Amino acid sequence: MKNRIYFLFLFIFVYAQLTAQTKQQKAGVKPNIILIYTDDLGYGDVGAYGTSAIPTPNIDRLAKNGVRFTNAHATSATCTPSRFSLLTGKYAWRKEGTGIAPGDATLLIPLNATTIPAMLQKGGYHTAVIGKWHLGLGDAKGADWNGKITPGPLEIGFNYSFLIPATGDRVPCVFVENHHVVNLDKNDPIKVSYKEPVDPGAPTGKKNPELLKLHPSHGHDMTIVNGISRIGYMTGGNAALWRDEDFADMLVKKANAYITQQQKNPFFLYFSTHDIHVPRMAHERFQGKSGFGPRGDVLLQLDWTVGQIESILKKNGMLENTMIIFTSDNGQVIDDGYKDDAVEKLGNHKPNGIYRGGKYSAFEAGTRVPFIVSWPAKMKAGKVNDALFSQVDLYASLANLLNVPVTEGQAPDSKNALPVLLNQSAQSREWLVEQSLNSTLSLLAGNWKYIEPSKGPKINKDTNTELGNSTEPQLYNLADDPGETKNLAASFPEKVNEMKALLEKIKQK
Ligand code: NG6
Ligand code: CA
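Residues numbered from 1 in each chain as written. Chains lettered and ligands numbered in written order. Predicted model: local features only at pLDDT ≥ 70, side-chain atom pairs only at ≥ 80, totals over all residues. Heavy atoms only, no water.

(A) Spatial organisation of the overall build of the protein. If you tally the helices and strands in the protein, you get 9 helices and 22 strands. For 509 residues, the compact-globule formula gives about 23 Å, and the C-alpha radius of gyration of the protein, at 23 Å, lands near that figure. Each principal axis of the C-alpha distribution contributes one length, and for the protein these read about 95 × 65 × 50 Å. Of all intrachain contacts in the protein linking residues separated by at least 6 positions in sequence, the fraction that spans at least 24 positions is 72%. Of the roughly 20900 Å² that the protein leaves accessible, carbon and sulfur atoms contribute 52%. (Helix = DSSP H or I, 4+ residues; strand = E, 2+ residues; numbered from the N terminus. Rg over C-alpha atoms; globule rule 2.2 N^0.38 Å. Contact = heavy atoms within 4.5 Å. Areas by Shrake-Rupley, 256 points an atom, 1.4 Å probe, with all protein chains shown as cover.)

Structure follows, in structure tokens:
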């Protein structure tokens, strides 16, 4: 009898030890990290955020299995500066030349800068970027599209890269894998110019609208590729030209290959979708499916993409210990340069949620974006966190998670917000800075938002976006007035002075 009890206890003890070990392994301090960085996705574009009329079941499931943040921000209302800040932990407005990059920009991140992928490499990670880059490639001589394209992601911390070099609406319309254009025929070299036509005889969107399947509404009337006219001029590289309809499939295919290879090391994948940026040209199987025109169709495609990433992880037994961060580089825009019926077919869909403005704007919808984190092994599912969070904090927070030291001067604007990221705390950073298209800065602190006076235009006429610029200081109380309708600056002059002074101090840092 005694013996039996002894064995029973021994069994329970060993069993408890074993399950604890598996749990620990599953919740390993080194999760895989996938940052799904979407393009131009608005706060209300996602079902989980409440105002989307377009179903996004896969993204919603990610929120259901993870944590949904309601007060998380890209640093800027446009792509290039948001990406710069995210990867370097430094506000882009501190560095000249980090506005929306032309397609032939040189690498904007200095080679000696610290970056999230380089930091993660130090923490033992294999790192990759797959998708839209838009941070420039090449040195001062420009990228050699026909030879070795360097420096680029591989020189600033990524082990592997597969890129849409700038954006879908900019030339060159080719994929770049590591240092080379994919499928380039040496006998058909690529020439790119953002100044003048490289072949003055070649058709353009402006001269030859009869050749287009998607017409520009503003800009985007230069070189025609795949029946769509673009920003910038290019010739050559015919065998390498992309088909926009295949973007999502191609990026998912590359992600699948990459993730499947990473069985040994923890990995970081910066998966930067083209969706839902213009030109909105979903794969044929999504075309016409949303009932909200091409913008709705690419949103369905984005949602499918998220589902695919989840399936790939599941297939490889990696879902449990992978931290997926899903967010956007800036807020929504409806007409961003192509006649794709986005305005006409918007219907009851509310891409801004309750916020004002949109992409390019100093108002909230410029930078307040969906932000979902899921890490099944470590984080409780189905939670909502209202803490103020900035994408610039990902650097220090992930460094903290992996115990990689952040030394003085590195990632200077990044604060360790790991407890918030893991939803162990709702204790926010005290303030953050938002940057609009014309670099008007706003300061968010608690419930207060201050927009500095600016001579910038009130409206982006092309996109019909309120830019939030005013020559007078603006002060809003977002708790009472999230839609930024009542400027309280005249009623609270001391608050204005206090926030102005803090913003000036942050600028001087
Ligand atoms: C603008 C483009 C817009 C989009 C944006 C960059 C025109 C008229 N408009 O200049 O279509 O490409 O740049 O978007 O050219 S972002 O999301 O990459 O910042
Ligand atoms: Ca964008």
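(B) Structural detail: the pattern of salt bridges. Enumeration over the complete set of coordinates arrives at 28 salt bridges. Linking R83 and D39 is a salt bridge whose minimum nitrogen-to-oxygen distance equals 3.9 Å. Of this pair, R83 sits in helix α3 (residues 79–88) while D39 sits in the loop between β1 (32–38) and α2 (57–64), and the two are 44 residues apart along the sequence. Of the two residues, R83 and D39, neither departs from the other in class, the shared state being buried. The salt bridge involving K495 is made with E498; its shortest N-O contact spans 3.1 Å. Of this pair, K495 and E498 both sit in helix α9 (residues 493–508), 3 residues apart, which is roughly one turn of that helix. (Salt bridge = Lys/Arg side-chain N within 4 Å of Asp/Glu carboxyl O. Buried < 20%, exposed > 50% of the residue type's maximum accessible area, 1.4 Å probe, protein only.)

(C) Geometry of the environment of T305. Relative to the helices and strands, T305 resides in helix α6 (residues 293–315). Remark: the alpha-carbon pair of T305 and A140, spanning 165 residues in sequence, is separated by 36 Å. With sequence-adjacent residues up to four places away left out, T305 is seen in contact with A248, V252 and F271.

(D) Spotlight on the state of the cysteines. Scanning the entire structure with this criterion turns up 0 disulfides. Cysteine C79 shares no disulfide, and the gap to the nearest cysteine sulfur, in C173, comes to 16 Å. Classification of C79 by relative accessible area gives buried; the value is 5%. The exposure class of C173 is buried, given its relative accessible area of 0%. (Disulfide = S-S within 2.5 Å.)

(E) Representation of the side chain of E452 in the model. Turning to its location among the elements, E452 is positioned in the loop between β19 (448–451) and β20 (459–460). Residue classification places E452 among the buried residues on the basis of a relative accessible area of 12%. Within the local environment of E452, its side chain forms a polar contact with the backbone nitrogen of L441, the two atoms lying 2.8 Å apart. Here K507 takes part through its side chain, which lies 2.8 Å from a polar atom of the side chain of E452. For E452, the contacting residues outside a window of four places in its chain are S439, T440, L441, S470, L503 and K507. (Polar contact = N/O pair within 3.5 Å; in protein donor to acceptor, adjacent residues only side chain to side chain.)

(F) Spotlight on the site of ligand 1. Taken together, 19 residues sit near ligand 1, with C79, D169, H220, D336 and K359 positioned nearest. The contact in question runs from an oxygen atom of ligand 1 to an N or O atom on the side chain of D40, over 3.1 Å. A distance of 2.8 Å is found between an oxygen atom of ligand 1 and a side-chain nitrogen or oxygen belonging to K359. Here ligand 1 has 450 Å² of accessible area as a free molecule, and 86% of this is covered by the chains. (Near = heavy atom within 4 Å.)

(G) Structural context of the coordination of the calcium ion (ligand 2). Within the protein, D39 (OD), D40 (OD), D329 (OD), D329 (OD) and N330 (OD1) serve as the donor atoms for the calcium ion (ligand 2), at 2.2 to 2.7 Å. With 6 donor atoms in place around the calcium ion (ligand 2) and angles of 51 to 172° between them, the coordination shape is irregular. By relative accessible area, D329 is classed as buried at 0%. (Donors = N, O, S within 2.8 Å, 3.2 Å for Na, K, Ca; no water. Tetrahedral: all angles 85-135°; square planar, octahedral: opposite > 155°, others 65-115°.)

(H) Broad picture of the packing of aromatic side chains. Here the structure, examined in full by the defined rule, presents 19 aromatic pairs. Residues Y160 and Y258 carry aromatic rings whose centres are separated by 6.0 Å and whose planes lie at 10° to one another, so their mutual orientation is stacked. With Y160 in strand β5 (residues 160–164) and Y258 in helix α5 (residues 247–261), the pair connects residues that are 98 residues apart, well separated along the chain. This pair shows no difference in class: Y160 is buried, exactly as Y258 is. Through successive ring pairs, a cluster of aromatic residues spans Y37, W133, F158, F268 and Y270. (Phe/Tyr/Trp six-rings, centres within 6.5 Å; stacked < 30°, edge-to-face > 60°.)

(I) Region of interest: the sheet that holds strand β4 (residues 126–132). Taken together, 10 strands build an open sheet; the order of strands is β7-β6-β5-β4-β12-β1-β13-β14-β2-β15 and the sheet is mixed. Of all strands in the sheet, those bounded by a partner on one side alone are β7 (180–181) and β15 (383–385). Across 5 bridges, β4 lies against β5 in parallel orientation. Residue pairing for β5: G131 is matched across the bridge by L163. Of the strands in this sheet, β1, β4, β5, β6 (176–177) and β12 (267–272) are in contact with α5, which crosses β12 at around 180°. (Pairing = 2+ DSSP bridges. Axes fitted to C-alpha atoms, helices over the stretch in contact; angles between N-to-C directions.)

(J) Spotlight on unusual backbone geometry. Put simply, T150 and P151 share a cis peptide bond, and its omega is 0°. Inspection of the secondary structure puts P151 in the loop between β4 and β5. Residues V278 and P279 are joined by a peptide bond in cis, for which omega reads -10°. With respect to the helices and strands, P279 occurs in the loop between β12 and α6. Look at N403: it is not a glycine, yet its phi comes out positive at around 60°. Along the chain, the position of N403 falls in the loop between α7 (394–401) and α8 (418–421).

Keep in mind these values describe shape, not function.
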